[in-house]
Amino acid sequence: MSDLEDAPSLSAEDHPGVRGAAAPAEPDAREEILVARGLTRRFRMGSSVVEILRGADLTLHKGEIVAIMGRSGSGKSTLLHQLGLLDRPDDGELVIRGEQTTTLSRAERCRLRNHEIGFVFQFYHLLPELTALQNAVMPLMIDHGVLAWLARRGSHTRRAREMLSELGLRERLTHKPSQLSGGERQRVALARALVGQPSLLLCDEPTGNLDETTSERIADQLFGLAERHGHTLVMVTHDADLAARADRILTLHDGVLTD
Amino acid sequence: MFVWFLALRYLVARPVSYLGIVAIGLGVGALIVVLSVMNGFLEETRDLVRGTTADIVVFPIQDGTTRVVPRDEILEVVNAQEGVAGATGRLVRPAVYKLHTEQGDRGRMRLPDINISNSENAGYSQVLVLGVDPDREMAVSGFTDYLRDVRSPDLKVDDVRFPFRIHPGLVAGHLRNAGLPRILVGEDLMLAMGLHKGEALDIVTLPDEISLEGGQGAKFASDTFVIAGSFRTGHYDFDTGHMFVMTEAFLDWSGTAMDVSEVYIAAIEGTDLDALRDRLDAALDEKRMYAEVKTWRDRHAIMLGAVENERTILAFVLGLFVLLTCTITFMMLVMMVQEKVRDIGILSAMGAPSVGIGRIFAVCGALISAVGGLFGLGVGTWVALNANPVKDWIETTFGIEIFRKNVYAFTDIPTSVHHQLNAGIVALTVVFSILICLYPAWRAARLDPVAALRHE
Ligand SMILES: Nc1ncnc2c1ncn2[C@@H]1O[C@H](COP(=O)(O)OP(=O)(O)OP(=O)(O)O)[C@@H](O)[C@H]1O
Ligand SMILES: [Mg+2]
């Protein structure tokens, strides 16, 4: 397993400086990546209306790692979808890298999501027809028209390949998701989320579907990469040990985020 | 880029899409083959009809109430018209025939159809006897070609320039010195009846109302003719239903008082036939020679119209079939969108614009119909161009007869491939497919990404 060699080099211990600088003592010194104020989301269930988010506030700085915990059904995934511009809030505002997103058009939100946000899901969510490399390169492909893509295909593919190699998947580039283990799939998903160098990484229970050892290794890689590349990381998890490694732990309860 | 990349991936990865391609290909191919054959039929029928009829035919009205107009007078009027290249008179009379037998030759009743009191055989033993003037006929109709086109060497006339001559050595012994008139019989009929050159036929008809013996009651006009050879127009019905004799022999045999039944006119190339017809009609009327004047199209309007109508119906039915195959693509895409809901959510999460996601499916539909259409165009054109080898292969391989020449009056399947028309069919198919695939594409584009991601 090549990832056994790769994994330690990416682990948090090798890069203590980044997180050290992220000490909450002087958070305002760094760029605000995301500011959410009063996010509200209601769902209509038959005749009744359920308010899942009731004015959630959140400010994320560059390089910050935040864990979000909460009961099942408390609305953590709903919140991530809001932060990732996959869904519009019924109320409240969301600013990403200085851009007020609530007034953006659908296409502009897509572009912003493509450039600034990477998603990692519990169930990997890879495209089953594509190989690992094709999956990982997809965000870049989405960002380019046919001609632009053909012109830069080489460098983009190289970037995706390097990303996968960094995660220990050098031998798995041409494998389809069905030929990969759960951990390998999640690492492909991680590579895909990071290939476009987004400023914000949103992970919804990234290790929720993996055994303990694999979880730990994935978490190591996740934290390591986030720190090395300066990604801001929001991670929803039920795993208290994992959450403990974050800079901050927030709890979603009754539709509001609390420390 | 992801649009094309994913569209191709999805297509290649799903065997159903090949089915759609084949379905559209078959629909388009069938439409092309049928249209080619029907157009071939139409054009060939037109050619045949044209080959056995003149550009314009004048039918003098000779019902006994008006003056019997001599042939030469009509020809004079006709030839004076501008646009007429040549004209010849023909005499026409329906008749029945049987093989002529002498004493000593009894028992040689080969002709199975000699029994005309039998609906099966009556048809074959009835023919139209045409009295022609060979020299003029050759100038106006394809007469020379009919004589040349005979395929069996021993059924050909001795000399195409003098078709009614036959070497005395070929005439059956007892008839040799009888000085009998000569007759030309269609090759298909000679082959079907087992007739030979030099044999004789008894041709029997009823005299017409204005015959020389008029008023003496019904009397058969019968004469014995020696077969001088055969002709082939390629039009099966004509070849089995007509016989040629010389004008003089016709007059002797039928005893008619009129010396022309129809005047065959060849027009100069490029003449407006309808206008010439009207001019001829007026000119004859003026000379009080009452006649019906018809162009070849007038004469065969019903037959050509029937073929044309058949073509339209088949094109319509197969057009519907092609539309049906397009809806197969539609259903495939609807299913594909349903199957790919999760993928759509994933792509949204990666920032793919909804328009692009919709376009993936539209491109899939367009590719299926375009590849299918081109496949159909290729196969259809190939089959249409090789209709007869394909037909032969099917007939020998499966032992079924799919083309009966005596039904269709042709020996080969006629085809006429109109490439522009076929390209138009393919283009229409693609456009229609894209149009109806816009709906599933729109559905895909409109999917809520969150709901798509939650989709199990
Ligand atoms: N489209 C929707 N329509 C109605 N209710 C919805 C919709 N989406 C989410 N919900 C409800 O919102 C609540 C929160 O869902 P969400 O998936 O955000 O919870 P979660 O905190 O992620 O839970 P888990 O930890 O189990 O993943 C749930 O009760 C769910 O039923
Ligand atoms: Mg959840």
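From a predicted model like this one, the values you see are computed outputs, not experimental measurements. (Residues numbered from 1 in each chain as written. Chains lettered and ligands numbered in written order. Predicted model: local features only at pLDDT ≥ 70, side-chain atom pairs only at ≥ 80, totals over all residues. Heavy atoms only, no water.)

Comments concerning the overall build of chain A
The line we're drawing: Put simply, DSSP marks the helices as runs of H or I at least four residues long and the strands as runs of E at least two long, and each gets a number from the N terminus on. Partly exposed residues are those whose accessible area sits between 20% and 50% of the maximum for their type, while under 20% is buried and over 50% is exposed, using a 1.4 Å probe and protein chains only. Contacts are assigned to residue pairs with any non-hydrogen atoms lying within 4.5 Å of each other. Using a 1.4 Å probe, accessible areas were evaluated by the Shrake-Rupley method; residue-level cover was limited to the displayed protein chains.
Of regular secondary structure, chain A possesses 9 helices and 10 strands. Split into buried and exposed, the 259 residues of chain A put 54% on the buried side. When contacts within chain A are restricted to residue pairs at least 6 apart in sequence, those whose partners lie at least 24 apart make up 71%. Summed over its atoms, the accessible surface of chain A is roughly 11200 Å², and 49% of this surface lies on carbon and sulfur atoms.

Observations regarding the confidence of the model for chain B
To keep it simple, the criterion reads: For every residue, the predictor assigns a confidence score, pLDDT, that lies between 0 and 100.
Residues of chain B with pLDDT of at least 70 account for 88%, and the chain-wide mean is 83. When the elements of chain B are averaged for pLDDT, helix α4 (residues 119-125) of chain B gives the smallest value, 55, and helix α13 (residues 341-349) of chain B the largest, 93.

A look at the interface of chain A and chain B
How we decide: When two components associate, each loses some accessible surface as probed by a 1.4 Å sphere; the sum of these losses over both components is called the buried area. Salt bridges are defined by distance alone: a side-chain nitrogen of Lys or Arg within 4 Å of a carboxyl oxygen of Asp or Glu. Two N or O atoms count as a polar contact when they lie within 3.5 Å, although within protein this holds only if one can serve as hydrogen donor and the other as acceptor, and sequence-adjacent residues are included solely when both atoms are side-chain atoms. In this classification, the charged set is Asp, Glu, Lys and Arg, the nonpolar set is Ala, Val, Leu, Ile, Met, Phe, Trp, Tyr, Cys and Pro, and all remaining amino acids, among them Gly, are polar.
Contacts between the two partners involve 27 residues from chain A and, on the opposite side, 28 residues from chain B. Of the roughly 2400 Å² buried where chain A meets chain B, counting both sides, 68% is carbon and sulfur surface. Per-residue buried area on chain A facing chain B is highest for His125, Glu129 and Ile142 of chain A; these three make up 25% of the total on that side. On the surface where chain A and chain B come into contact, there are 1 salt bridge. Between glutamate 129 of chain A and lysine 340 of chain B there is a salt bridge whose closest N-O contact spans 2.5 Å. In this structure, the connection of chain A to chain B is made through 6 residue pairs in polar contact (both at pLDDT 80 or more). Of all elements in the fold, only α3 (76-83), α4 (106-116), α5 (132-143) and α6 (146-166) of chain A reach the threshold of two or more residues within the side of chain A that touches chain B. Here the side of chain A that touches chain B gets 5 residues from one element, more than from any other, and that element is α5 of chain A. Looking at side-chain class alone, the side of chain A that touches chain B contains 14 nonpolar, 8 polar and 5 charged residues.

Comments concerning the environment of serine 222 of chain B
Residues and elements named next belong to chain B. Within the element layout of this structure, serine 222 appears in strand β6 (residues 221-231). Residue class for serine 222 comes out partly exposed when judged on its relative accessible area of 46%. Sequence separation between serine 222 and leucine 175 is 47 residues, and the spatial gap between their C-alpha atoms is 16 Å.

Some remarks on the environment of glutamate 64 of chain A
All names here are of chain A. In this structure, glutamate 64 sits in the loop between β2 (48-61) and β3 (65-69). In sequence terms glutamate 64 and leucine 250 are 186 residues apart; their C-alpha atoms lie 13 Å from each other. Polar side-chain contacts of glutamate 64 include one of 2.6 Å to the backbone nitrogen of histidine 61.

Considering the pattern of salt bridges
Evaluated as defined, the whole model comprises 23 salt bridges over all chains. The closest approach of N and O atoms between glutamate 116 of chain A and arginine 97 of chain A, which form a salt bridge, is 3.2 Å. You can see glutamate 116 of chain A sitting in helix α4 and its partner arginine 97 of chain A sitting in the loop between β4 (91-96) and β5 (99-100), a full 19 residues away along the chain. For arginine 97 of chain A, a relative accessible area of 38% translates into the label partly exposed. Put simply, arginine 277 of chain B and aspartate 298 of chain B hold a salt bridge, and the shortest N to O gap is 2.6 Å.

Considerations on a negative patch on the surface
Residue and element names in this part refer to chain A. Under the convention used in this document: Grouping into patches uses exposed residues only, defined as over 30% relative accessible area, and leaves out salt-bridged ones; the cut-off is 9 Å for like charges and 5 Å for nonpolar side chains (Val, Leu, Ile, Met, Phe, Trp, Tyr). Charge counting follows a simple rule: Lys and Arg are positive, Asp and Glu are negative, and His as well as the terminal groups are ignored. The location of each charge is read from NZ of Lys, CZ of Arg, CG of Asp or CD of Glu.
Residues Asp211, Glu212, Glu216, Asp239 and Asp241 make up a contiguous surface patch of negative charge. With respect to the helices, strands and loops of the structure, aspartate 211 is situated in the loop between β7 (200-204) and α8 (212-229). Judged by relative accessible area, which is 45%, aspartate 211 ranks as partly exposed.

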